[in-house]
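# Reading the structure
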Amino acid sequence: MNETPQVIRCSVGMRWGDMDAYGHVNNVEILRILEEARIHAFGPPGGTGGPGREPAVALFNNVPQGTQALVAEHRVKYLSPLTYRNIPAEIAVWISALKGASLTIAYVISDPVTAQICAKAETTLAFVEAETGRLLRIAPEQKALLLPYLGDSVFGAVSVAGTAAAGRTPAV
């Protein structure tokens, strides 16, 4: 296992309509940016969309048919406003927890001009069988794909059983 986990770097465009009355990207739109970064990093869900660029890690587009990756939880800490710009925001993405039936994706969103960190976030996802809603375990092949990206939580010393990444802070 690497001492420093790999980080996937994404650029996600900001839209004029993402801006709120205060002149910065609205907090709700930050969640959309997280979703776009997640899809850029790990691929669109299988069977959706048309062909395009391969993701950094082909996770979601290679799940068995009838499998859905559902958001179980979002956690966001807003550190400074993300000012609207006509250039993409920069997002660092890695895995901060990998359990038997769920994974947590960590994100750091930075202003593309100042490089100031604007938000830190994590999204916990679970795989479920679409027809029954039954929770599915993460397959060994999927875990192997994700292990090089396994690092610490963006929220500091959060004890997460199964993380096995203590002291593995990504270079953001």
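Whatever comes next refers back to the structure up there.
Residues numbered from 1 in each chain as written. Predicted model: local features only at pLDDT ≥ 70, side-chain atom pairs only at ≥ 80, totals over all residues. Heavy atoms only, no water.

## Side note on the overall build of the chain
Within the chain one finds two helices and six strands. Reading the secondary structure of the chain in the N-to-C direction produces β-α-β-β-β-β-β-α. Of all 172 residues assigned to the chain, the portion counted as buried reaches 41%. Taking as baseline every contact in the chain between residues at least 6 positions apart, the subset at least 24 positions apart corresponds to 65%. Working note: accessible area of the chain is about 9200 Å², and carbon and sulfur atoms make up 52% of it. (Helix = DSSP H or I, 4+ residues; strand = E, 2+ residues; numbered from the N terminus. Buried < 20%, exposed > 50% of the residue type's maximum accessible area, 1.4 Å probe, protein only. Contact = heavy atoms within 4.5 Å. Areas by Shrake-Rupley, 256 points an atom, 1.4 Å probe, with all protein chains shown as cover.)

## Re the packing of aromatic side chains
What the rule picks out here adds up to three aromatic pairs. Here Trp16 and Tyr84 contribute two aromatic rings whose centre-to-centre distance is 5.4 Å and whose plane-to-plane angle is 90 degrees, an arrangement assigned as edge-to-face. On the criterion of sequence distance, the pair formed by Trp16 in the loop between β1 (8–12) and α1 (27–42) and Tyr84 in the loop between β2 (67–78) and β3 (89–98) is long-range, its members being 68 residues apart. The interplanar angle of 75 degrees and the centroid separation of 6.1 Å between the aromatic rings of Phe42 and Phe60 together place this pair among those described as edge-to-face. Of this pair, Phe42 sits in helix α1 while Phe60 sits in the loop between α1 and β2, placing them 18 residues apart in sequence. For Phe42, a relative accessible area of 0% gives the class buried. The rings of Phe42, Phe60 and Phe127 are connected pair by pair, giving a single aromatic cluster. Over the aromatic face of Phe155 sits the side chain of Arg75, whose NZ or CZ is 3.8 Å from the ring centroid. (Phe/Tyr/Trp six-rings, centres within 6.5 Å; stacked < 30°, edge-to-face > 60°. Lys NZ or Arg CZ within 6 Å of the ring centre and 35° of its normal.)

## Observations regarding the nonpolar core
Phe42, Ile91, Val93 and Leu103 are the most contacted members of the largest nonpolar core, which totals 35 residues. Apart from residues lying up to four places away in sequence, Leu103 is in contact with Leu59, Ile95, Ala97, Leu98, Thr123, Thr124, Leu125, Phe127, Ile138 and Leu146. Among the nonpolar cores identified, the runner-up in size contains six residues, and Ala92, Trp94, Val154 and Phe155 belong to it. (Core = buried A, V, L, I, M, F, W, Y, C linked by side-chain atoms within 4.5 Å.)

## Considering the pairing of β1
Burial along β1 is one-sided: Ile8, Cys10 and Val12 are buried, and none of Arg9 and Ser11, which face the opposite way, are. With five bridges connecting them, β1 and β3 associate as antiparallel partners. From the neighbouring strand, Cys10 faces β3, where its bridge partner is Ile91. (Pairing = 2+ DSSP bridges.)

## Some thoughts on unusual backbone geometry
Even without being a glycine, Ala115 presents a positive backbone phi close to 65 degrees. The topology assignment puts Ala115 in the loop between β4 (102–110) and β5 (117–129).

## As for the environment of Ala119
Structurally, the position occupied by Ala119 is in strand β5. The class for Ala119 is buried, based on a relative accessible area of 3%. Through-space distance from the C-alpha of Ala119 to that of Val108 is 6.0 Å; in sequence the pair is eleven residues apart. With residues up to four places along the chain from it excluded, the contact list for Ala119 reads Val76, Lys77, Tyr78, Leu79, Tyr107, Val108 and Ile109.

## Quick notes on the side chain of Asp18
Take Asp18: it is sitting in the loop between β1 and α1. Classification of Asp18 as buried rests on a relative accessible area of 0%. Not counting residues within four places of it along the chain, the set of residues in contact with Asp18 comprises His24, Val25, Asn26, Glu29 and Arg32.

## Considerations on α1
When the terminal C-alpha atoms of α1 are compared, their 23 Å separation across 16 residues agrees well with the 22 Å that a helix rising 1.5 Å per residue should span. Among the residues of α1, Glu29, Ile30, Arg32, Ile33, Leu34, Ala37, Arg38, Ala41 and Phe42 are the ones counted as buried. Among the structural elements, β1, β2, β3, β4, β5 and α2 (140–146) are those in contact with the buried residues of α1. One side-chain oxygen of the residue at the start of α1 lies 2.8 Å from the amide nitrogen of Val28, identifying that residue as Asn26. One or two positions beyond α1, positive phi appears at Gly43, with a value near 90 degrees. (Expected span 1.5 Å × (residues − 1). Polar contact = N/O pair within 3.5 Å; in protein donor to acceptor, adjacent residues only side chain to side chain.)

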